[in-house]
Structures are given as structure tokens and as C-alpha cells.
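Letter by letter, the chains look like this.
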Amino acid sequence: YKLWASVAGCCAKTTIAPLDRIKILLQAQNPHYKHLGVFATLKAVPQKEGFLGLYKGNGAMMVRIFPYGAIQFMAFDKYKKLLSKRIGISGHIHRLMAGSMAGMTAVICTYPLDVIRARLAFQVTGEHRYTGIANAFHTIYLKEGGVSGFYRGLIPTLIGMAPYAGFSFFTFGTLKSLGLKHFPELLGRPSSDNPDVHILKTHVNLLCGGIAGAIAQAISYPLDVARRRMQLGSILPDSDKCVSLSKTLAYVYNKYGIKKGLYRGLSLNFIRCIPSQAVAFTTYEFMKQTLHLN
């Protein structure tokens, strides 16, 4: 199961890899593409760097997916046992807490590969600073302070996980409750295991999940911009302005503003993440019904 989950993750990430690269280029204001919008950049990258230019950095992402999944599964089991036996927390809440802690652990352990991926994706053909994954590791370690060089931007990454997950579930739950309360016949259908209980129809689930993902993305997106700029470090000409979360956010806001700075590339993120969130919440609801969970 873990192997197939990793393979599925690789396929999914490869599918949206061009969108990921465009997002990184826009977020960090790459000088070759900073004057372009989302679709103009999607067109310009293959023209300037060839079709494979859309997939720069994807190799590091593929390498990251396998240990990420393994660490997350292993950590989830360990944290679940710890919370249950040592602290006495049980029920749904301990699965939620264990899942969050496992996700953070996996992020911390595989974060250097995320930094490498961002560096490789940001460089433009003809101006390569790194020749590949191994060379990037070697160069960053030697020139950017050793191990600490691989953890630039970790704090906004971890901080961003909480509001993103929290607002996703809060918005989805609120939309679900309002829909079933005011339009039960139009938006809902009887549950398979209890006809007296209404659940959302599949297409409504998809819509609510997509809206939840969009709102969560909008709220946490400036942290994602800060994370990317900090990850890129010395590869940016203005890296000295992006040494901490607060300084990075202030610098981006003062220099580029909100729309062209803190939220640059957000529309692309919607294209990437809304379908993903919609499917995730629909699957969540389906599994909850299948397993008869409240």
C-alpha cells in the first residue's frame, strides 16, 4: 500500500510539475519571467528552455516522495501509540494530532530535498548554478553554512501547515452543515447505513472541498511565498532581504505589494490545489461513510 501510494504521488506530482515550476518562478520574481503572467510564463518557458524546462526540479521532488511517505506512515503509528499510552489521548482527536505531527516530522526530515527542488526549478537554462541534485547538495553545504543551509524557510513551512489544514476543515465543515441544514433535499442524499441521516451528494462534496481548499490557500499563501524566497537563498540577488519570515514578508510587501508580491501566482495555486482538495475531501467523506465513523 505504501509503495503504491508513493507511486501514485509521483504520478500526481509529475502531472502538475509544470505548474509547480511556473509557481516558483513567479513567487520569487525570476528576472526572466517576472514581467509575465501565469499563462504567458507557461508559454514562454518551453520557448526559452525547451519542453523539459517545464520539469526542472521534478527529479528532486520524485526522490523526496518516497522517504516522505515512509516517514509519515512510520511516524503516524509511533505518535498514535505515544498519545494513547503515554498521554492518555484517544479517539478521533488523537488520530488528528498524530497525523499533524507525522506530517510535520516528514516535512522536517525531507525538507532539504524541497530546498534542492526549489533551487533547480528557479534556475534558467544558460545560467545554471547547479548541475543536478548531488551538485546542489554539495554546493549549498559548502557555501551556505552546512546543514543549516538546507533548512532555510522551514519555519514558514511549518507555520503554514496549521492554518491551511485548520481553515480547510473548518470551511468544509461549515459549508457542509449549512448546505444540509438549508437545502437538504437539493444538496443531500440519505446515508447508505442510516436513511434518516443526510450526507452531501458527491458533486456537492467536490464543490465544498474545492471552496475550502481555495479559502485555505488564500489565507496561508503569503507564508508559501516567504518559504520559497527563503529556500532560494543566495540564488536570489536580494537574498539578504529574506533572512527571516518577518523580514521576507515585509520586504516582499514593500517592494511588490500584495497582488504582485504576497499573492503572486495564487491563481496558479488554485488551478493546482482546488481539484486536489476537492478529491481529498470527497475521499474523506466516502471513507467516513464506508467505515461508519461519526
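Residues numbered from 1 in each chain as written. Predicted model: local features only at pLDDT ≥ 70, side-chain atom pairs only at ≥ 80, totals over all residues. Heavy atoms only, no water.

As recorded in an unreviewed UniProt entry, the protein chain goes by Solute carrier family 25 member 16 and comes from Cyclopterus lumpus. What UniProt states about the protein chain under its Subcellular location (unreviewed entry) heading is, verbatim, "Mitochondrion inner membrane". In UniProt, the protein chain has this text filed under Sequence similarities (unreviewed entry): "Belongs to the mitochondrial carrier (TC 2.A.29) family." (UniProt positions renumbered as here; feature names shortened; annotations may be inferred.)

### Comments concerning helix H10 (residues 245-256)
The end-to-end C-alpha separation of H10 is 16 Å, in line with the 16 Å expected for 12 residues at 1.5 Å each. Just downstream of H10, glycine 257 is the residue with a positive phi angle, here 85°. (Helix = DSSP H or I, 4+ residues; strand = E, 2+ residues; numbered from the N terminus. Expected span 1.5 Å × (residues − 1).)

### Some thoughts on the pattern of salt bridges
Applying the stated criterion to the full structure yields 11 salt bridges. One salt bridge in this structure joins lysine 56 and glutamate 49, with 2.8 Å as the shortest N-O distance. Among the salt bridges present, the one from arginine 229 reaches aspartate 238, with a minimum N-O distance of 2.7 Å. One exposure class covers both arginine 229 and aspartate 238, and it is buried. (Salt bridge = Lys/Arg side-chain N within 4 Å of Asp/Glu carboxyl O. Buried < 20%, exposed > 50% of the residue type's maximum accessible area, 1.4 Å probe, protein only.)

### Things to note about the packing of helix H2 (residues 17-27) against helix H9 (residues 202-232)
How two helices pack is summed up by the angle between their axes together with the distance between the axes. Running from N to C, H2 and H9 cross one another at 85°; their axes reach a closest spacing of 9 Å. In terms of axis orientation, H2 runs roughly perpendicular to H9. Counted together, Lys23, Ile24 and Gln27 of H2 and Tyr221, Asp224, Val225, Arg228 and Arg229 of H9 form the full contact between these two elements. Looking at the contact of H2 with H9 residue by residue, the class counts come to 3 nonpolar, 1 polar and 4 charged. (Axes fitted to C-alpha atoms, helices over the stretch in contact; angles between N-to-C directions. Parallel < 35°, antiparallel > 145°, perpendicular 65-115°, else oblique. Contact = heavy atoms within 4.5 Å. Nonpolar A, V, L, I, M, F, W, Y, C, P; charged D, E, K, R; others polar.)

### Some remarks on unusual backbone geometry
With phi around 55°, glutamine 29 is a residue other than glycine that occupies positive phi space. Tracing the chain through its elements places glutamine 29 in the loop between H2 and helix H3 (38-49).

### As for H9
A bend of about 55° at serine 220 is the largest found in H9, and the proline proline 222 appears one to four places after it. Among the 31 residues of H9, 23 are classified as buried, and the element is accordingly described as predominantly covered. A positive backbone phi angle near 50° is found at glycine 233, which sits one or two residues after H9. (Bend = angle between axes of the 7 residues up to and from the residue.)

### Some details on the packing of aromatic side chains
The tally for this structure, following the rule as stated, stands at 4 aromatic pairs. Residues phenylalanine 51 and tyrosine 55 carry aromatic rings whose centres are separated by 5.8 Å and whose planes lie at 55° to one another, so their mutual orientation is tilted. Residue classification places phenylalanine 51 among the exposed positions, given a relative accessible area of 56%. For tyrosine 55, a relative accessible area of 26% corresponds to the partly exposed category. Judged by centre distance (5.9 Å) and plane angle (20°), the ring pair of tyrosine 111 and tyrosine 151 falls under stacked. Residue tyrosine 111 is found in helix H5 (residues 92-122), and its partner tyrosine 151 is found in the loop between helix H6 (133-143) and helix H7 (154-182); the two are separated by 40 residues along the sequence. (Phe/Tyr/Trp six-rings, centres within 6.5 Å; stacked < 30°, edge-to-face > 60°.)

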